[in-house]
Protein chains: 2
Amino acid sequence: MTEVPVDEIVRDCLAVRVRLIGRAVTALYDGALEPHGLTVAQVNLLAALGKVGPCPPSKLGEVLQLERSTVSRNLNLLQNRGWIEAVASDAKGMREVALTRAGQTKIRSVMPEWRQAQRQAAQLLGAPGVAAVQEVASNMGYPPDA
Amino acid sequence: MTEVPVDEIVRDCLAVRVRLIGRAVTALYDGALEPHGLTVAQVNLLAALGKVGPCPPSKLGEVLQLERSTVSRNLNLLQNRGWIEAVASDAKGMREVALTRAGQTKIRSVMPEWRQAQRQAAQLLGAPGVAAVQEVASNMGYPPDA
DNA sequence: ACACAAGTGTTGTATATACATCAAGGGGCG
DNA sequence: CGCCCCTTGATGTATATACAACACTTGTGT
């Protein structure tokens, strides 16, 4: 085999590795959160909303660096399940969203499983990996103020 | 605000950070590869296939740690575009796949853009980040022999 | 040979995500 | 006031991904 370009990609590609690690970490959290009927993407959207307080969807996209359309669809899921509500809207949709009482309670209820997944993820990444992840994310502006 | 559980998640969550970094890195490669009509997921599937040689789809799932169904659908895309072919199949589908001539040529053609994205990703991650990514992936068994 | 278990590919369904497009709103300017 | 542009939310389309269910293959044991 040993076709040169293919070897270079397999040997060095950062994307395949970052994506592999992302899938594994996501699976850790999603597995732990599964009894709650929430995914880690959903928990983080709820947490961002809880942190910044009632705001337009665009603000959440800014904070999490997600596309408008992604935020729109993920918010719909959470709204359908009653974890968030539109506190202002018009013909074109939600203008401002907020956690519901149920949503706040829900986040509190998932914390034990979230912490368990967080510990497993830290173990998977190792201390240098955890430090690097925090550092790179911080350089990318997450969290917003850090 | 400062609802305690929400603060803990925003402050510490490894998942939101790993996923954020994954989206950014993926966007770097996908943007660079876009003129070729390939995504980084597709390039890495082609590269894995080129590396291991003709093999059943399950082998690719093992190497890339992807679910069977994910491999199945991604292979279909590549087959429709002529980059891979089924060299053995039965009533239930592809039993063995291989790069086509066109697929081999294609991979060679994307290398300049792949290298450009690789440099940008290395810059985004920083030297410690790159080292951590390589180390963690290696501990997870990627690449298969390393 | 036969029956059953294990493995594998596909397909249905669901979420996460992005880009392009459309429609509605809001501001500024003549 | 009326018009244009920019922002923004939604929706169509596409890829990436996983889990569950189904179907076929294969291997194993008796």
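That block above? That's the structure.
Positions within a chain are numbered from 1, following the residues in the order the chain's sequence is written. Chains and ligands are labelled by the order in which they are written, letters from A for the one and numbers from 1 for the other. In keeping with the predicted nature of the model, local features appear solely for residues at pLDDT of at least 70, side-chain atom pairs appear and are counted solely at 80 or more, and the whole-chain, interface and lining totals rest on all residues. With hydrogens and water excluded, all non-hydrogen atoms of the structure serve as input to the side-chain values.

Asks: Could you give me a rundown of the interface of chain A and chain B, with the residues and numbers involved?
Replies: By the convention used here, residues are in contact when the closest approach between their heavy atoms is within 4.5 Å. At the interface, 59 residues of chain A touch 59 residues of chain B. A quick way to say it: buried area is the sum, across both parts, of accessible area lost when two parts are put together, with a 1.4 Å probe. Around 5,500 Å² of area is buried between chain A and chain B when both sides are counted, 73% of it from carbon and sulfur atoms. Considering only the surface of chain A that becomes buried against chain B, Ile9, Leu14 and Leu20 of chain A emerge as the three largest contributors, covering 12% of it. A pairing counts as a salt bridge when a side-chain nitrogen of Lys or Arg comes within 4 Å of a carboxyl oxygen of Asp or Glu. Counting the contacts that link chain A with chain B gives four salt bridges. As a salt-bridge pair, Asp7 of chain A and Lys51 of chain B come within 2.9 Å of each other at their nearest N and O atoms. Any pair of nitrogen or oxygen atoms within 3.5 Å is treated as a polar contact; in protein, a donor-acceptor pairing is required on top of that, and neighbouring residues in sequence qualify only through side-chain atoms on both sides. For the pair chain A and chain B, the number of links is 16 residue pairs in polar contact (both at pLDDT 80 or more). Listing elements by their share of the side of chain A that touches chain B, those giving two or more residues are helix H1 (4–12), helix H2 (14–33), helix H3 (40–52) and helix H6 (101–139) of chain A. All residues other than Ala, Val, Leu, Ile, Met, Phe, Trp, Tyr, Cys, Pro, Asp, Glu, Lys and Arg, Gly among them, are scored as polar; the first ten of these are nonpolar and the last four charged. Classifying every residue of the side of chain A that touches chain B gives 38 nonpolar, 10 polar and 11 charged. Numbering of helices and strands starts at the N terminus; helices are DSSP runs of H or I of at least 4 residues and strands are runs of E of at least 2.

Asks: For the pattern of salt bridges, give the residues involved together with the corresponding values.
Replies: A full pass over the atoms with the stated rule returns eight salt bridges over all chains. The residue Glu8 of chain B makes a salt bridge to Arg115 of chain A at a minimum N-O spacing of 2.8 Å. Taken together, the positions of Glu8 of chain B in helix H1 (residues 4–12) and Arg115 of chain A in helix H6 put the pair across two chains. Summary of the burial criterion: residues with accessible area below 20% of their type's maximum are buried, those above 50% are exposed, and those between are partly exposed, where the area comes from a 1.4 Å probe applied to protein chains only. Taking the relative accessible area as the measure of exposure, Glu8 of chain B reaches 17% and is therefore buried.

Asks: Quick one: what's the story with helix H5 (residues 68–80) of chain A, residue by residue and with numbers?
Replies: Residues and elements named next belong to chain A. With 13 residues, H5 should cover 18 Å at 1.5 Å per step; its first-to-last C-alpha distance of 18 Å lies within 8% of that length. Every buried residue of H5 is accounted for by Val71, Leu75 and Leu78. Considered in projection along H5, the buried side chains sweep an arc of 60° and stay on one side of the axis. Every exposed residue of H5 that faces more than 90 degrees away from the buried side is listed here: Arg73 and Asn80. Looking at the buried positions of H5, the neighbouring elements they touch are H3, helix H4 (57–64), strand E1 (84–90) and strand E2 (93–99). Phi turns positive, to about 85°, at Gly82, one or two residues after H5. Any helix carries an expected span of 1.5 Å times its number of residues minus one. Working note: the arc is built from the helix axis to C-beta atom directions.

Asks: Talk me through the protein's contact with DNA strand D; I want residue IDs and the actual numbers.
Replies: Nearness is judged by heavy atoms alone; a residue qualifies as near a molecule or strand once a single heavy atom is within 4 Å of it. The local shell around DNA strand D holds 28 residues, among which Ser72 and Arg73 of chain A together with Thr39, Ser69 and Arg81 of chain B are the closest. Of what DNA strand D places within 4 Å of the protein, 57% of the atoms are sugar or phosphate. Ser58 of chain A is positioned with one of its backbone polar atoms (N or O) 3.2 Å from a phosphate oxygen of DNA strand D. Glu67 of chain B is positioned with one of its backbone polar atoms (N or O) 3.0 Å from a phosphate oxygen of DNA strand D. Only H2, H4, H5 and E2 of chain A together with helix H3 (40–52) and helix H5 (68–80) of chain B provide two or more residues apiece to the surface near DNA strand D. At six residues, H5 of chain B tops the list of elements feeding residues into the surface near DNA strand D.

Asks: Now, about the relation of the copies chain A and chain B: what can you tell me, with residues and values included?
Replies: Under the fitted operation, chain A is carried onto chain B by 0.0 Å of movement along the axis and a turn of 180°, and the coordinates agree to an RMSD of 0.0 Å. In symmetry terms, the pair is related by a two-fold rotation axis. Taken as a fraction of all interface residues of chain A, those also at the interface in chain B reach 100%, which identifies the copy contact as same-surface. Least squares is the method for superposing the copies, and the C-alpha atoms it fits come from residues with pLDDT of at least 70 in both.

Asks: Residue-level account of the side chain of Gln42 of chain A, with values.
Replies: All names here are of chain A. Examined against the element boundaries, Gln42 turns out to sit in helix H3. Given a relative accessible area of 11%, Gln42 falls into the buried group. Not counting residues up to four positions away in its chain, the partners in contact with Gln42 are Gly37, Leu77, Leu78 and Arg81.

Asks: A description of the nonpolar core should follow, citing residues and the corresponding values.
Replies: Core analysis: the biggest nonpolar cluster contains 91 residues, and Tyr29 and Leu60 of chain A together with Tyr29 and Leu60 of chain B have the highest contact counts within it. Not counting residues up to four positions away in its chain, the partners in contact with Tyr29 of chain A are Val40, Trp114, Ala117, Gln118 and Ala121 of chain A together with Cys13, Leu14 and Ala15 of chain B. Here, nonpolar core means buried Ala, Val, Leu, Ile, Met, Phe, Trp, Tyr and Cys residues that are tied together by side-chain atoms lying within 4.5 Å of each other.

Asks: Please provide a residue-by-residue account of the protein's contact with DNA strand C, values included.
Replies: Taken together, 28 residues lie near DNA strand C, and Thr39, Ser69 and Arg81 of chain A together with Arg73 and Lys92 of chain B sit nearest. Here DNA strand C approaches the protein such that, of its atoms within 4 Å, sugar and phosphate make up 56%. Residue Arg81 of chain A places a side-chain N or O atom 2.5 Å away from a phosphate oxygen belonging to DNA strand C. Within the backbone of Ser58 of chain B, one N or O atom sits 3.2 Å away from a phosphate oxygen of DNA strand C. Taken together, the elements giving at least two residues each to the surface near DNA strand C come down to H3 and H5 of chain A together with helix H2 (14–33), helix H4 (57–64), H5 and strand E2 (93–99) of chain B.

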